[in-house]
Amino acid sequence: MNKQFPENFLWGASSSAFQIEGGWEEDGKGKTVADFNSFKRSHLQADSKVASDFYHRYKEDIALMKEMGLKIYRFSISWARIIPKGDGDINQKGIDFYNNVIDCMLEHGIIPFITLYHFDLPYALVEKYNGWESRECAFAFERYAKVCFEAFGDRVKYWQVHNEQNLMIRVDERMNISEEDPLKADRMRAQMDYHMFLAHALAVKACHAIVTDGKIGPAVSSTCTYAHSNKPEDVWAAKMNDWFKTNYCLDIHFTGEYPGYYMRYLKERNIVPVMEEGDKEILKGAKMDYIALNYYRTLCARYLPADEEHPVGSRICRTNEVDFDQYGYFRDEKNPNLTASEYGAQIDPMGLRIVLNEYYQRYRLPLIVTENGLGTADVLTEDKKVHDDYRIEYLRGHIEACALAIEDGVELMGYSPWSVMDLLSSHQGFKKRYGFIYVNRDDHDLKGLERIKKDSYYWYKNVIKTNGEVL
Ligand code: BG6
């Protein structure tokens, strides 16, 4: 195979600030929710203090990206590096750092593809008003976004607002939700979600006003759920899982309105967020230019009727076997037709072709894959090689799925897998690696942080060089 990738296809690789940068309090950076969460696990695994040390080694790392042939590098800006308190003074040293990174990339012919917010809300905003629970947070974010557009928009044309709002909102730790009462927690969650939608819309508008030729969109965690059987209830469970986890979010970005099934859920639980007059216009008026999606695996849902033991909306349902916390009646099953990674992700390239087609048919907007990859332990041999054929196989299958989706008529702008180099996994430190470049460190031993090209690095380099022909 194949010749299906357009000439200007954006081959890339991805990362995020708290997972790669380190330098967590250097040059005035404020602490973030992501730092705070990672420190809670410092005794067990690596935290964000050093991570991959990109903050000090970005020149070497960008040179390696160039050698790999990347057309884009998708990374995030740390809000707390730019505005340490979230809504206070601007930190010029933070702006200088990203200016240096962007300029270095451009000198190497790599297009910057920037996410504004990847799980790392400035902690000062949590202390001030519990972060996204307050409407103020949406306006603090708007200001931060404007600062970025003004500082970098002359050179950066591709922007993403929030990374995986739709997933983040369901992870208490990322949102800083510690409320024990499930109903109160879900009310808070719904309000936070709403404020993030508002922030998204404000940032989209600001980008269009400030950045000449700027393109901006969300980066969603895509969901593809199969029914466990052909029982109508199972099919319904699978659909609802996709609607509640991802589609509602894209629909709100697209139409500015909550879809009916979602509003019904909010009303039934009496947790409809407070919305102010005039918000509708803001939400409706912000048109995204493309959709970025992150894709790792598929799910398989079995209907589980609500009962006394599993009442609707109950936290009881948030156990290992139930992967849905809003209606509380979807059991996530193993799919016998798929193999899973050692961390349980069911590997499924066909699912990527499905979501690409689905999102393109629903919204008719260009798409880009901004995360996709295999997280696993790698072995560094004595002669300093990493033979990660399992990763090559994973990526090959998913790149083929992209080619097939393009043949299906999907307008796919690019493919930017996770991750450019080994970095801090959100829950498994440095044990679980995704990168093309090995970073020689363990969870608690920094060693030399040496960069070592894995077999997948050379393989991907060829994929890019031949525009997908050597698959
Ligand atoms: C994505 C996140 O959902 O999953 C990344 O955007 C994250 O930040 C990636 O690293 C992989 O998850 P994990 O838990 O294996 O690091």
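Bear in mind that the values here come from a model prediction, so they are computed numbers and not experimental data. (Residues numbered from 1 in each chain as written. Predicted model: local features only at pLDDT ≥ 70, side-chain atom pairs only at ≥ 80, totals over all residues. Heavy atoms only, no water.)

Draft legend 1. Layout of the overall build of the protein. Along the protein, the regular secondary structure elements total 16 helices and 13 strands. A compact globule built from 471 residues should have a C-alpha radius of gyration of about 23 Å, and the protein, at 21 Å, falls within 12% of that. Viewed in the frame of its principal axes, the protein has a C-alpha envelope of about 60 × 55 × 45 Å. Out of the 471 residues belonging to the protein, those deemed buried represent 62%. Of the contacts made within the protein by residues no fewer than 6 positions apart, 76% connect residues no fewer than 24 positions apart. Carbon and sulfur atoms form 49% of the exposed surface of the protein, whose accessible area is close to 18200 Å². Charged side chains in the protein number 59 positive and 72 negative. The centres of these two groups are separated by 1 Å. (Helix = DSSP H or I, 4+ residues; strand = E, 2+ residues; numbered from the N terminus. Rg over C-alpha atoms; globule rule 2.2 N^0.38 Å. Buried < 20%, exposed > 50% of the residue type's maximum accessible area, 1.4 Å probe, protein only. Contact = heavy atoms within 4.5 Å. Areas by Shrake-Rupley, 256 points an atom, 1.4 Å probe, with all protein chains shown as cover. Lys, Arg positive; Asp, Glu negative; His and termini not counted. Charge placed at Lys NZ, Arg CZ, Asp CG, Glu CD.)

Draft legend 2. A look at the site of the ligand. The ligand sits among 14 residues. The nearest are H118, E164, S426, K432 and Y434. Take E164: an N or O atom from its side chain is 2.6 Å from an oxygen atom of the ligand. The separation between an oxygen atom of the ligand and a polar side-chain atom of Y434 is 2.5 Å. Here the ligand loses 89% of its free accessible area of 380 Å² to cover by the protein chains. Classifying every residue of the shell around the ligand by side-chain character gives five nonpolar, six polar and three charged. (Near = heavy atom within 4 Å. Polar contact = N/O pair within 3.5 Å; in protein donor to acceptor, adjacent residues only side chain to side chain. Nonpolar A, V, L, I, M, F, W, Y, C, P; charged D, E, K, R; others polar.)

Draft legend 3. Highlighting the sheet that holds strand β2 (residues 72-76). Taken in spatial order, the eight strands line up as β1-β2-β3-β4-β5-β7-β10-β11 and close into a barrel, and their pairing is parallel. Shown here is a sheet whose adjacent strand axes are inclined to one another by a mean of 30 degrees, direction ignored. Against the sheet, helix α10 (residues 182-210) engages β3 (111-117), β4 (158-163) and β5 (215-221), with an angle of about 170 degrees to β4. Of the strands in this sheet, β1 (10-14), β10 (367-371) and β11 (412-415) touch helix α15 (residues 389-407), which is tilted by about 170 degrees from β11. (Pairing = 2+ DSSP bridges. Axes fitted to C-alpha atoms, helices over the stretch in contact; angles between N-to-C directions.)

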